[in-house]
Amino acid sequence: MIAPNLATLGLFGEAFDFVFSQQEAAGGIMVGGPQQVLELATTQLEVTLLALGVSLIVALPAGLLLGHFGKGEFIAVSAGNAGRAIPELALIAFMAAAIGVGLVNLVVALAILGIPPILTNTFVGIRQVNRPTVEAARGMGMSNLEIITKVELPLAIPTIMGGVRTSAINIIATATIAPLAGILTLGDFIISRNVYGDAGVLAGAILVALMAIALEMTLAGVQWAMTSKGLKLQKP
Amino acid sequence: MADLFPLAEVSEDFFRDRSGGGCIEDNRLFCPGWVVENADRYVDPTLQHVVLVVSAVVAGFLIAFSLAVLAHRHHWLSSPFLAATGVLYTIPSISFFFLLLPITGRGAVTAIIALTAFTLQIIFRNMTTGLRNVPDEVTDAARGIGLTRKQLLWQVEIPLAMPEIIAGLRIATVSTVALATLAVFANGGGLGTEIVVGSNITFKTGIIVAGSIAVLMAILFDALLLLAGKLLTPWTRTVR
Amino acid sequence: MSPIGKLKHLLLVGAFALSLGLAACSSDDSSESSSNETAAGGELIQSNPDNSGTSLTIGSKNFTEQIVLGEIYAQALKAAGYDVKTDLNLGSETIALQALKEDEISGYPEYVSTALTSFYGKEAEEVPTDSQDAFDAVSTEVEADGLVALPPTPFSSANAVGLLTSKADELGVKTISDLEGKSQDLALYGSPECRQRIDCLVGLEQNYGLEFSSFTPVDIGLRYGVLDKGQADLSIVFTTDAQLGATDEYTILEDDKGVLPAGNVVFLTKSATIDEAGPDYEATIELVQTGLTIEVMQELDARVDIDKELPAKVAADYLKEAGYTE
């Protein structure tokens, strides 16, 4: 173990420099600096949001319908367990080896990881909605679609958003190793120590951590905004 | 220089004829023959992987358990603990490896610390929920018969929270098995070495085998924990 | 090293010792210690008990050929009686050099051309084509860093611009210069460090004056995969690659301007380590690499990359076949 010492502090300082000013790395090329950081950060964010969007489009309606009609419980719940067991590194590597590198392939792989939590949580969230409430709504003459959108969905928001947030964490973590498949994200700073040096690696690690936390907080904010007042008043 | 030693020559049949092609030579999707012959190369990485997972989950459990007990006693601690473990959960493991790099260097220890950090929120949250879900009547009754706070916790509340604790452990373990493949980036070994090192990264059969071992390991650990849960909570078994 | 690493290497040493022991027991020839010549013509490594007190860590860079070389040296030194650990797959040359300077490893195999261009800023033209001259040049340079370059391997390897043979025919290119006027429509893939090396992208851009439609950094292990998938029109490969010899699918363009110099491999280590380890250190390394002709190296690379055998096994087989171990 390397004990923390002044050298450690120095490395954090170097990482800070790496982000804000271009450095000369081995071989004389320029690395780091705000422009490159922004470029890679943008790619990471784009890829993450794209995959999250795809996951939502696929998993949300499916979860809502299955949950409303009470069908397919085994699949919906198992999806969450199964998704958790998929090793992201193997998925990315297999995709690169068998199918090929590229943005579309990457987003598909990320969506595979992002769909299960949303599917499971949406299903469970809808199922857990108070049955009498649903019956009352039906009694009022609401159609299935109205029940789903006006009654079940709003009440299930906390659970569903929990799934979305888990998805986001999985996706952004995997997007970090996307450089293995040729799509350069902030993870490139971390994986290509060759090029960026130890300062770059640390800078990359910090930036990825910050981006993940920022995304999580944003989604937490979205969840808070979307949760109806009544639910917020309930004991958590 | 080389004249000092006789130039060793290998025999002609050292060189293999690869013109025929074949499953492995063509890197086809899955080559069962190769897997059977080379299964032993996965033994080391699998063992390393098990060590990583078990270490992380045990450490995570010990820490999260302590945090949950503390938070149950002092309710105001719940939120800060949840937030703190939440941050650790949010930070991608590979990022964590390299944040730890200046302090703990490259190696299995770094990997285990990062993997442990990931499990904390899952276990903590599940256990807290479990403890909170103990019905008030039960706590009242227990106090009524004169149990001390400590006895109440250990003999009543924790056993009743077992299903949730086990559920949390299961989720944490399955996730950790999948995540531990990344330990290779921290020089921590594990099945990731068979996926990423050298020419393994294009080797379809190899990636499938390594990935499958990880998934099977996750299923196995999940089943073991499920079984352990059933054994620890005999009162939850329905009487037939 | 971590406890897991220690255990693993204990097992590896144990397994190796056991296999050597078994081989010795089952061998019919009475291998008296005085007879060093085996049928293969190689000199058998003798285990010297004086070496058991010395601990060595052998490193390597992050691609197949390097890992095999690391294993060969490590196993040979083990046979000579040293206490050997490996720390292979470190990364690119800058990382390996750093590990050596910081005493994380005792030594690692480096290409003379890489050392001269990447560490000491030499231009491609300044790399001597004669192996002896190149070796002398690199020996002088590393001295300033307190390092020693042990004598070179028979084989040399160079970066090369590779592509599918069908693509080469389609473009009608045989040399790198032929790419002029065509390269701006071609996508080039290479290792991450290729972007900053004069014997890679930098040299291609500066000395050949080529512009590519894109350069995508990928893991070295993917260099042929990206050609197969059609992602890359051109890919940076190595002249000793197994894939080049195995089929006609791939071809490399001739480096007519000599921008991608070839380099023999020299084992880089610290002079302090040589003093401490005794004469067997240098002698063993020099011994086991004499069998590494370019054909043999390609065969060993093929066994790992194409036959998918473990580098450790491939190294062990080589040492045995060449007569250095039993």
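A short tour of the structure in this document, coming up.

Quick notes on the rules
Residues numbered from 1 in each chain as written. Chains lettered and ligands numbered in written order. Predicted model: local features only at pLDDT ≥ 70, side-chain atom pairs only at ≥ 80, totals over all residues. Heavy atoms only, no water. Contact = heavy atoms within 4.5 Å. Buried area = accessible area lost by both parts, 1.4 Å probe. Salt bridge = Lys/Arg side-chain N within 4 Å of Asp/Glu carboxyl O. Polar contact = N/O pair within 3.5 Å; in protein donor to acceptor, adjacent residues only side chain to side chain. Pairing = 2+ DSSP bridges. Helix = DSSP H or I, 4+ residues; strand = E, 2+ residues; numbered from the N terminus. Axes fitted to C-alpha atoms, helices over the stretch in contact; angles between N-to-C directions. Core = buried A, V, L, I, M, F, W, Y, C linked by side-chain atoms within 4.5 Å. Buried < 20%, exposed > 50% of the residue type's maximum accessible area, 1.4 Å probe, protein only. Phe/Tyr/Trp six-rings, centres within 6.5 Å; stacked < 30°, edge-to-face > 60°.

1. Considering the interface of chain B and chain A
Here is step 1: Tallying the contact residues gives 38 residues for chain B and 38 residues for chain A.
Here is step 2: Buried area between chain B and chain A, both sides added, is near 3200 Å², and the carbon and sulfur share of it is 80%.
Here is step 3: Remark: the boundary between chain B and chain A carries zero salt bridges.
Here is step 4: Remark: the boundary between chain B and chain A carries one residue pair in polar contact (both at pLDDT 80 or more).

2. Details of the sheet that holds strand β9 (residues 234–238) of chain C
All names here are of chain C.
Here is step 1: Spatially, the five strands line up as an open sheet ordered β8-β7-β9-β6-β10, and their pairing is mixed. For this open sheet the edge positions go to β8 (214–217) and β10 (250–252), each flanked by a neighbour on one side alone. Going across the sheet, the axis of each strand differs from the next one's by a mean of 35 degrees, ignoring polarity.
Here is step 2: Strand direction decides the pairing type here: strand β6 (residues 159–164) and β10, joined by three bridges, are antiparallel. When the bridges of β10 are listed, L164 appears paired with Y250.

3. Observations regarding the nonpolar core
Here is step 1: Membership of the largest hydrophobic core comes to 152 residues, with the highest contact counts inside it found for A:L89, B:F98 and B:F185.
Here is step 2: Contact partners of A:L89, with chain neighbours within four places excluded, come to A:I177, A:L180, B:T181, B:L182, B:V184, B:F185, B:G192, B:I195 and B:V196.
Here is step 3: In terms of nonpolar packing, the next biggest core, distinct from the first, is built from 41 residues, C:I72, C:A76, C:I220 and C:Y318 among them.

4. Quick notes on the packing of aromatic side chains
The description of two aromatic rings rests on the distance between their centres and on the angle between their planes.
Residues and elements named next belong to chain C.
Here is step 1: Evaluated as defined, the whole model comprises 17 aromatic pairs over all chains.
Here is step 2: Judged by centre distance (6.4 Å) and plane angle (65 degrees), the rings of Y82 and Y281 are edge-to-face. Of this pair, Y82 sits in the loop between α2 (64–79) and β2 (83–87) while Y281 sits in helix α11 (residues 279–289); the two residues are 199 residues apart in sequence, bridging distant segments of the chain. The exposure classification of Y82 matches that of Y281, with both residues buried.

5. Concerning the interface of chain C and chain A
A common way to report how large an interface is uses the accessible area buried once the components associate.
Here is step 1: With 18 residues of chain C at the contact, the number on the chain A side is 20 residues.
Here is step 2: For the chain C and chain A pair, buried surface summed over both sides reaches about 1500 Å², with 53% attributable to carbon and sulfur atoms.
Here is step 3: The three residues of chain C that bury the most area against chain A are C:R195, C:Q196 and C:K229, which together make up 37% of that side's buried surface.
Here is step 4: Run the count over chain C and chain A and you get one salt bridge.
Here is step 5: Salt-bridge contacts for A:D188 lead to C:R195; the nearest nitrogen and oxygen are separated by 3.8 Å.
Here is step 6: Viewed at the interface, chain A and chain C are joined by one residue pair in polar contact (both at pLDDT 80 or more).

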